[in-house]
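# Understanding the architecture of this molecule
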Amino acid sequence: MTEIATLSTDGDISTIVLDDGKVNVCSLEMLESIQQCLAEVPKDKGALIVRGREGIFSAGFDLKTIQGEDAEKSKKMVEMGMKTMHDLYTFPRPVIMAVTGHTIAMGLFIVCCGDYRIALEGKFVAQANEVRNNMDIPSPIMEVAESRIDKKHVYSVLYHADPYPFDKCIEAGLLDEIVSPSDFEKRIMEKAEDLATLGHPHYLKTKQAHQRPLLKAISNACLLYTSDAADEEDSVDLGGRRI
């Protein structure tokens, strides 16, 4: 079976490429593949690039799994999604998101976990479309997203689920830089090589100090999604399936 997330290294730069041959849904298989890659990335040196396939970074959770008959698989996929967000957000070394195209729902939230986000210039959109699809956004995801989104855009991005063309994403705090196709690959490596020089464990300790107020909420997500939600207030509606 071909891996849908693959890891390569170039000196101190590690790159995880997401490519399921379609729209890079965050299926259970994709998320497990990402976890396998992360386990092999050095935690005490270098930098990590996470990138999508041509035209798409990720379309978010696999709706076929969410809407399917296997409730246990759906729950496991959400659990793995939360763990992957946590592991990327708290990764000990700098994480550069190379946003190769549309980034939707969970795909956008994964982008929010990066320390620097470089997008390919083009007619692409970023959208947290959960509410428009009759789905909740779990509070730990909201914590991560709100830490990156400009306060003036929180309602528009999260509550109203508005699509954001890439040229509006920097102002909204969804991206840090947009680069032309001719310079995209060069710029990604330039940024990765620069951030890779940051000392260890000083980068990690600085990140931990800054993230500390959010880490408890993010970590508690794993407990929430691995336990039976006792009441509706603590559960999450995934388009009609409550977990």
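Now for a description of the structure that goes with this document. (Residues numbered from 1 in each chain as written. Predicted model: local features only at pLDDT ≥ 70, side-chain atom pairs only at ≥ 80, totals over all residues. Heavy atoms only, no water.)

Helix and strand counts for the protein come out as nine helices and 14 strands. Each of the 243 residues in the protein was classed as buried or not, and the buried ones make up 52%. Sequence separation of at least 24 residues holds for 74% of the intrachain contacts in the protein that already meet a minimum separation of 6. Entry remark: accessible area of the protein is about 11800 Å², with carbon and sulfur atoms responsible for 50%. (Helix = DSSP H or I, 4+ residues; strand = E, 2+ residues; numbered from the N terminus. Buried < 20%, exposed > 50% of the residue type's maximum accessible area, 1.4 Å probe, protein only. Contact = heavy atoms within 4.5 Å. Areas by Shrake-Rupley, 256 points an atom, 1.4 Å probe, with all protein chains shown as cover.)

Attention now moves to the pattern of salt bridges. Summed over all chains, the structure comprises eleven salt bridges. For glutamate 185, the salt bridge is made with arginine 51, and the minimal N-O distance between the two is 2.8 Å. With glutamate 185 in helix 8 (residues 184-196) and arginine 51 in strand 4 (residues 47-51), the pair connects residues that are 134 residues apart, well separated along the chain. Judged by its relative accessible area of 44%, glutamate 185 is partly exposed. One connected set of salt bridges, linked through shared partners, spans Arg117, Arg148 and Asp176. (Salt bridge = Lys/Arg side-chain N within 4 Å of Asp/Glu carboxyl O.)

Let's shift gears to the state of the cysteines. Evaluated as defined, the whole model comprises zero disulfides. No disulfide involves cysteine 112; its nearest neighbouring cysteine sulfur is the one of cysteine 113, lying 7.0 Å away. (Disulfide = S-S within 2.5 Å.)

Moving on to the pairing of strand 1 (residues 5-10). Side-chain positions along a regular strand alternate between the two faces of the sheet. Strand direction decides the pairing type here: strand 1 and strand 2 (residues 13-18), joined by six bridges, are antiparallel. Each bridged residue has a counterpart across the sheet, and for serine 8 the counterpart in strand 2 is threonine 15. The hairpin formed by strand 1 and strand 2 contains two residues between the paired strands, and glycine 11 there has a positive phi angle of roughly 65°. (Pairing = 2+ DSSP bridges.)

Note that threonine 84 resides in helix 3 (residues 71-89). Among the polar contacts made by the side chain of threonine 84, one reaches the main-chain carbonyl oxygen of methionine 80 at a distance of 2.8 Å. (Polar contact = N/O pair within 3.5 Å; in protein donor to acceptor, adjacent residues only side chain to side chain.)

Let us look at the sheet that holds strand 10 (residues 125-127). Pairing within the open sheet is mixed, and its four strands lie in the order 5-8-10-11. Bordering the open sheet on either side are strand 5 (55-58) and strand 11 (164-165), each of which pairs with just one other strand. Judged from the two bridges that link them, strand 10 and strand 11 form a sheet pairing that is antiparallel. Residue pairing in the sheet places valine 125 in a bridge with proline 165 of strand 11.

One open sheet accounts for six strands, arranged 1-2-4-7-9-12; its pairing is mixed. With one partner strand each, in any of the chains shown, strand 1 and strand 12 (177-179) form the two edges of the open sheet. The sheet shows a mean angle of 20° between the axes of neighbouring strands, taken without regard to direction. Note: strand 7 (residues 95-99) against strand 9 (residues 116-120), four bridges, orientation parallel. Counterpart to alanine 98 in the pairing with strand 9 is isoleucine 118. Against the sheet, helix 8 contacts strand 1, strand 2, strand 4, strand 7, strand 9 and strand 12, and its axis sits at roughly 170° relative to strand 9. (Axes fitted to C-alpha atoms, helices over the stretch in contact; angles between N-to-C directions.)

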